[in-house]
Amino acid sequence: MFKSKIIIIFFIALVISATAWKVSIDNKPQSEIVTTSLFPALIDSINEITEITIEDRKFKSILRKIEGSWYLHNKDNYPASTSGIKRLALELSNLAILETKTSLADKYAKLGVNDLSLEGSLASKITVSAGEKKLVSLLVGLSPKGTSTAQRYIRLSDATAAQLVAGQITASTNPIDWLDPQIIDIDSKSIRRLTIDVPDEQKIIISKKTESEDFFNLQEVPESFEMKSKTIISSIPAILMDLRLNNVVSAQLVTDLEPTQKTRITTFSGLEILLKDYIWENKHYTVFEASQEKDTDKPLDEMQNAAIEKINSKLHGWAYEIPAYKRRMINRKFDDLIRPKENSDQM
């Protein structure tokens, strides 16, 4: 009798435990969502990509691969930043479909996936090709509100269904964002002499005798005057330190014009950089040229010649719009850099 009661209690406990386990499994949060890759074959075709177009209602960037190198086609084939191209290809290959949203065209605008031809469209369109074969063509819309993970609404260009996908899409449509931004980088410590020559104005010449000196001196200061600020004068040679572009155009657009200013910068190693400034379409553009220092017969060594070739191979044929704060460094007038000596009236 006692043994039967024990068996009954054991089975009741077993049923209760099994029921509790089943309920806990049913109520367990689903941390994994089954997804389907949007472009499953893209990862195997990344090295075959030859053209990428990213556009919206305001901008358009066309990137083309020519003989193994990437260029921005609608910026006169200026070299493109390859890191951004690789990142975009990986982002597209990692997109995964979470769910299909709508196939109703009047709902597209709410998700940001309506055609670019429509006024007010917020979509950006990405097209990726390998030769004549189109690998990707999709409209990228808005991110859903309130989500803690990277998600976007998208619509394939040849499809009616809008979809919600998981993954990042960070590609910019602005051509400037696809350019290698750095023009040149020469530390001001290595500068020996800088000359600013503006037509009908007094030439500005600043220099120092050794690389170890911290400050530059203004040359040809009248006897009754002195430099207004050594700090300001010594900041001018920093023009070439990490100099980056705001825009770039073909030099052919400006080189038939008269330069508004020439700035010649000479280093202690004998390298000379000539900056020619032009005004085109109401903007200032600068053309750069590297060479051996003009006022010396000392031959350059192999490393110095290589430095000249490297600079010219990158910058030749281009005119750059540089940041305003950099341009202010060399937009100087001689009279603004000097002041009367305090005792000049008593002399």
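Our subject is the structure listed above.
The rules behind each value
- Residues numbered from 1 in each chain as written.
- Predicted model: local features only at pLDDT ≥ 70, side-chain atom pairs only at ≥ 80, totals over all residues.
- Heavy atoms only, no water.
- Helix = DSSP H or I, 4+ residues; strand = E, 2+ residues; numbered from the N terminus.
- Buried < 20%, exposed > 50% of the residue type's maximum accessible area, 1.4 Å probe, protein only.
- Contact = heavy atoms within 4.5 Å.
- Areas by Shrake-Rupley, 256 points an atom, 1.4 Å probe, with all protein chains shown as cover.
- Phe/Tyr/Trp six-rings, centres within 6.5 Å; stacked < 30°, edge-to-face > 60°.
- Salt bridge = Lys/Arg side-chain N within 4 Å of Asp/Glu carboxyl O.
- Pairing = 2+ DSSP bridges.
- Expected span 1.5 Å × (residues − 1).
- Arc of directions from axis to C-beta.
- Polar contact = N/O pair within 3.5 Å; in protein donor to acceptor, adjacent residues only side chain to side chain.

Some words on the overall build of the chain
And then number 1: Looking only at helices and strands, the chain features 6 helices and 22 strands.
And then number 2: Here the chain, with 347 residues, has 39% of them falling under the buried criterion.
And then number 3: Long-range contacts, defined here as pairs at least 24 residues apart, represent 61% of the contacts in the chain between residues at least 6 apart.
And then number 4: Of the roughly 21,000 Å² that the chain leaves accessible, carbon and sulfur atoms contribute 52%.

Overview of the packing of aromatic side chains
And then number 1: Applying the stated criterion across every chain, the model contains 4 aromatic pairs.
And then number 2: With a centroid separation of 6.0 Å and 65° between ring planes, the pair formed by Trp-280 and Tyr-285 is classed as edge-to-face.
And then number 3: In this structure Trp-280 comes out as partly exposed when scored by relative accessible area, which is 22%.
And then number 4: Geometrically, the ring pair formed by Phe-288 and Tyr-320 is edge-to-face, given 5.8 Å between the ring centres and 70° between the ring planes.

Quick word on the pattern of salt bridges
And then number 1: In this structure the tally under the stated criterion is 12 salt bridges.
And then number 2: For the salt bridge of Glu-119 with Arg-57, the shortest nitrogen-to-oxygen distance reads 2.9 Å. Placement of the pair is Glu-119 in the loop between α3 (108–111) and β7 (124–130) and Arg-57 in the loop between β2 (51–55) and β3 (60–66), with a sequence separation of 62 residues.
And then number 3: Notably, a salt bridge pairs Lys-314 with Asp-180, separated by 3.8 Å at the nearest N-O pair. Of this pair, Lys-314 sits in helix α5 (residues 302–315) while Asp-180 is found in the loop between β10 (162–166) and β11 (182–184), placing the two residues 134 residues apart along the sequence.
And then number 4: Judged by relative accessible area, which is 31%, Lys-314 ranks as partly exposed.

Topic: the sheet that holds strand β9 (residues 151–156)
And then number 1: Taken together, 10 strands build an open sheet; the order of strands is β1-β6-β10-β9-β8-β7-β2-β3-β4-β5 and the sheet is antiparallel. Looking at strand neighbours, the two that pair on one side only are β1 (36–37) and β5 (78–79), the edges of this open sheet.
And then number 2: Pairing between β2 and β7: 5 bridges, direction antiparallel. The residue of β7 that forms the bridge with Thr-53 is Thr-127.

A few points about the pairing of strand β12 (residues 191–197)
And then number 1: Here β12 runs beside strand β18 (residues 261–267); their pairing, made up of 6 bridges, is antiparallel. Bridge pairing in β18 links Ile-191 to Thr-267.
And then number 2: One ladder, built from 4 bridges, connects β12 with strand β13 (residues 204–207); its direction is antiparallel. Residue pairing for β13: Thr-195 is matched across the bridge by Ile-205.
And then number 3: Between β12 and β13, which pair antiparallel and follow one another directly, the connecting turn spans 6 residues, one of which, Asp-200, has a positive phi of 65°.

Some details on the environment of Leu-38
And then number 1: Residue position: Leu-38 is located in the loop between β1 and β2.
And then number 2: Counting along the chain gives 127 residues from Leu-38 to Val-165, while the straight-line C-alpha distance between them is 8.0 Å.
And then number 3: In contact with Leu-38, other than residues within four places in its own chain, are Leu-95, Ala-96, Ile-97, Leu-138, Ile-154, Leu-156, Gln-163 and Val-165.

Concerning α5
And then number 1: Between its terminal C-alpha atoms α5 stretches 20 Å, which fits the 20 Å expected from 14 residues at 1.5 Å a residue.
And then number 2: The complete set of buried residues in α5 reads Ile-308, Ile-311 and Leu-315. Summarising the axial view, the buried residues of α5 lie within an arc of 70°, below the 170-degree limit, and thus occupy one face. Opposite the buried face of α5, at more than 90 degrees from it, the exposed residues are Glu-302, Met-303, Glu-309, Lys-310 and Ser-313.
And then number 3: If you follow the buried residues of α5, they end up packed against β11, β19 (271–280), β20 (283–292) and β21 (318–321).
And then number 4: Its side-chain oxygen at 3.1 Å from the backbone nitrogen of Met-303, Asp-301 defines the N-terminal cap of α5.
And then number 5: Positive phi appears at Gly-317, one or two residues downstream of α5, with a value of about 90°.

Some remarks on the side chain of Glu-272
And then number 1: Inspection of the secondary structure puts Glu-272 in strand β19.
And then number 2: Judged by relative accessible area, which is 4%, Glu-272 ranks as buried.
And then number 3: A polar contact is formed between the side chain of Glu-272 and the side chain of Arg-264, at a distance of 2.9 Å.
And then number 4: Separated by 3.3 Å, the side chains of Glu-272 and Thr-266 make a polar contact.
And then number 5: When neighbours within four sequence positions are excluded, Glu-272 is seen to be in contact with Arg-264, Ile-265, Thr-266, Glu-289, Ala-290, Ser-291, Gln-292, Glu-293 and Lys-294.

Some words on the side chain of Ser-137
And then number 1: Examined against the element boundaries, Ser-137 turns out to sit in strand β8 (residues 133–140).
And then number 2: Judged by relative accessible area, which is 14%, Ser-137 ranks as buried.
And then number 3: Engagement of the side chain of Ser-137 in a polar contact is seen with the side chain of Ser-157, the distance being 2.7 Å.
And then number 4: Ignoring any residue separated from it by four or fewer positions in sequence, one finds Ser-137 in contact with Lys-125, Ile-126, Thr-127, Leu-156 and Ser-157.

Here's the deal with helix α2 (residues 82–93)
And then number 1: With 12 residues, α2 extends 17 Å between its outermost C-alpha atoms, agreeing within 8% with the 16 Å of an ideal straight helix rising 1.5 Å per residue.
And then number 2: For α2, the full list of buried residues reads Gly-84, Ile-85, Leu-88, Ala-89, Glu-91, Leu-92 and Ser-93.

Note that every value here comes from positions in space, so none of it alone points to a role or purpose.
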